[in-house]
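Structure at a glance
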Amino acid sequence: MPGLRGKVKNALDESRMLVLGAQVLLGFEYRSFFEPAFEKLGPAERALHLAALFALLTTISALFLIASRHRIVENGRDTGRFHRFTMLVMRSVLLPFALGLGFDMATAGQRIGGPWVAAAAGTLTLMAALGFWYGPFALRDRQQHEEPEDAMEDTPLEQRIVEVLTEARVLLPGAQALLGFQLAIVLMETFEKLPAPVRVVHLVSLGFVALATIVLMASPAYHRIVERGRDTKRFHDFASRMVLLALALLGPGFCGDLYVVLFRAGYTHAALPVAASALIALYAAWFGAMFWLRRRRTGRLEARAA
């Protein structure tokens, strides 16, 4: 069986797979609000689109918690506590991911065959996702061979670098999905109908996401140009800072265009409070909670040493 190091690596690779799966749907959800056919959708269909958007944003935002905790709390080390946290996050995000997929299939069914087809497509998709994703958790032996919470392995520098680059690749698809949407809709006729201040918000949001993408690409450039491919602690520290900076930039990017989408959907009064609340929630989860956990961990270690 793989040791703790191998389990952490596998968990990071699997979280990347989940982000890649949600990436396409997230890009579609943002773009769908600016398609000409959106005007023809009824209230129920618009509500489904919004529900799917929030479900997918929840999925991707929760997956970003993994990189945040590993960088801030664990400082890139492989611990049993971090592995258990990663498993908890991945189990939890499967539910909103399944809901988002089911809502999108229901919307497609509504457009093609009407309400009954929509209900069947959405329900069957949701049941299949929950069955395949959560069904194996019912196995009784699933708790065997779990690492103790305080387990820790000496993580070599090379492994820590592999993991921080994997975490950058976890963040990158989310940035790509939003960046592609942001660049595409400025050429759509429906975008021109938005008030000038809303279009400015979109431009600012586009700037944040573009900068986040640049930051995420800085690590491989630094590794090749400055370090000439060598694994050094200096590069690990640089890549860790780039991951955290990218997270800080993606928050306004996600929430700025959430404001634009809600305004476009007709929720003009709720758009700003919802987007601002989402940004506060993201920063509180990605940074506030993680720095609190690190401080708490440090306090415990100091108490034991005393």
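To be clear, the structure that these remarks concern was listed above.
Residues numbered from 1 in each chain as written. Predicted model: local features only at pLDDT ≥ 70, side-chain atom pairs only at ≥ 80, totals over all residues. Heavy atoms only, no water.

**Things to note about the overall build of the protein chain**
For the record, the criterion: Under the scheme used here, helices are H or I runs from DSSP no shorter than 4 residues and strands are E runs no shorter than 2 residues, and both carry numbers assigned from the N terminus. Radius of gyration: over C-alpha atoms. The globule rule applied is 2.2 Å multiplied by the number of residues raised to the 0.38 power. For the exposure calls, accessible area comes from a 1.4 Å probe over protein chains only, and a residue counts as buried if that area is under 20% of its type's maximum, exposed if over 50%, partly exposed in between. Only heavy atoms matter for contacts: two residues are in contact if any of them lie within 4.5 Å across the pair.
Secondary structure assignment for the protein chain yields nine helices and zero strands. Taken from the N to the C terminus, the helices and strands of the protein chain come in the order α-α-α-α-α-α-α-α-α. Expected size for 306 residues packed as a compact globule is a radius of gyration near 19 Å; at 21 Å, the protein chain falls within 12% of this value. Taken along the three principal axes of its C-alpha coordinates, the protein chain extends 65 × 50 × 40 Å. Split into buried and exposed, the 306 residues of the protein chain put 47% on the buried side. Nonlocal contacts in the protein chain, meaning residues at least 24 apart in sequence, comprise 81% of its contacts between residues at least 6 apart.

**Some details on helix 1 (residues 4-32)**
Spelled out, the test is: Take the number of residues in a helix, subtract one, and multiply by 1.5 Å to get its expected span. Take the seven residues that end at a residue and the seven that start at it, fit an axis to each, and the angle between those axes is the bend at that residue.
In this model helix 1 runs 42 Å from its N-terminal to its C-terminal C-alpha over 29 residues, within 8% of the 42 Å that 1.5 Å per residue would give. Along its length, helix 1 reaches its greatest deviation from straightness, about 30 degrees, at Q23.

**Let's talk about the packing of helix 5 (residues 157-185) against helix 7 (residues 196-225)**
Applicable threshold: Here the axes come from fitting lines to C-alpha atoms, over the contacting stretch only for helices, and the angles between their N-to-C directions go from 0 to 180 degrees. Put simply, angles under 35 degrees are roughly parallel, angles over 145 are roughly antiparallel, angles from 65 to 115 are roughly perpendicular, and the rest are oblique. Should the near helix be turned counterclockwise from the far one by less than a right angle, the crossing is left-handed, whereas a clockwise turn marks it as right-handed. Residues are grouped as follows: Ala, Val, Leu, Ile, Met, Phe, Trp, Tyr, Cys and Pro are nonpolar; Asp, Glu, Lys and Arg are charged; every other residue, Gly included, is polar.
Interaxial distance between helix 5 and helix 7 falls to 9 Å at its minimum, and their mutual angle equals 150 degrees. Classed by the angle they form, the pair helix 5 and helix 7 counts as roughly antiparallel. Considering only the axes of helix 5 and helix 7, their crossing is left-handed. Packed against helix 5, whose contacting residues are L165, A168, L171, L172, A175, L178, L179, F181, Q182, L183 and I185, the element helix 7 presents H202, S205, L206, V209, A210, T213, L216, M217 and S219 at the interface. Of the residues contributing to the contact of helix 5 with helix 7, the split by class is 15 nonpolar, five polar and no charged.

**Some words on the side chain of T59**
Take T59: it is sitting in helix 2 (residues 43-72). Owing to a relative accessible area of 0%, T59 belongs among the buried residues under this scheme. If we skip the residues at most four places from it in the chain, T59 touches A22, V93, P96 and F97.

**Observations regarding the packing of aromatic side chains**
This is how the line gets drawn: Side-chain rings of Phe, Tyr and Trp, where Trp is taken by its six-membered ring, are said to pair if the distance between their centres is within 6.5 Å; with planes under 30 degrees apart they count as stacked, over 60 as edge-to-face, and otherwise as tilted.
In the structure shown here, the tally under the stated rule is eleven aromatic pairs. Between Y222 and F235 the ring centres are 6.1 Å apart and the planes differ by 15 degrees, which places this aromatic pair in the stacked class. Here F235 lies in helix 8 (residues 233-264) and Y222 lies in helix 7, a separation of 13 residues in the sequence. The buried category is assigned to Y222, whose relative accessible area is 16%.

**Focus: the nonpolar core**
Rules: Joining through side-chain atoms within 4.5 Å is the link that ties buried Ala, Val, Leu, Ile, Met, Phe, Trp, Tyr and Cys residues into a set, and such a set is a nonpolar core.
Core analysis: the biggest nonpolar cluster contains 77 residues, and Y30, F34, F64, L171 and F254 have the highest contact counts within it. The set of elements that each furnish at least two residues to this core consists of helix 1, helix 2, helix 3 (80-113), helix 5, helix 7, helix 8 and helix 9 (268-305).

**Quick look at unusual backbone geometry**
A positive phi angle is found at N75, which is not glycine, with a value near 55 degrees. For N75, the position within the fold is in the loop between helix 2 and helix 3. With a phi angle near 55 degrees, R228 is a residue other than glycine that sits in the positive phi range. By the secondary structure assignment, R228 is in the loop between helix 7 and helix 8.

**Section: the packing of helix 1 against helix 2**
Helix 2 packs onto helix 1 with a crossing angle of 150 degrees between their chain directions and a minimal axis gap of 9 Å. The angle between helix 1 and helix 2 falls in the class roughly antiparallel. In this structure, helix 1 crosses over helix 2, and the sense of that crossing is left-handed. Side by side, helix 1 and helix 2 meet where V8, L12, S15, L18, V19, A22, L25, L26, F28, E29, Y30 and S32 of the first sit next to H49, A52, L53, L56, L57, T59, I60, L63, I66 and H70 of the second. Looking at side-chain class alone, the contact of helix 1 with helix 2 contains 16 nonpolar, five polar and one charged residues.

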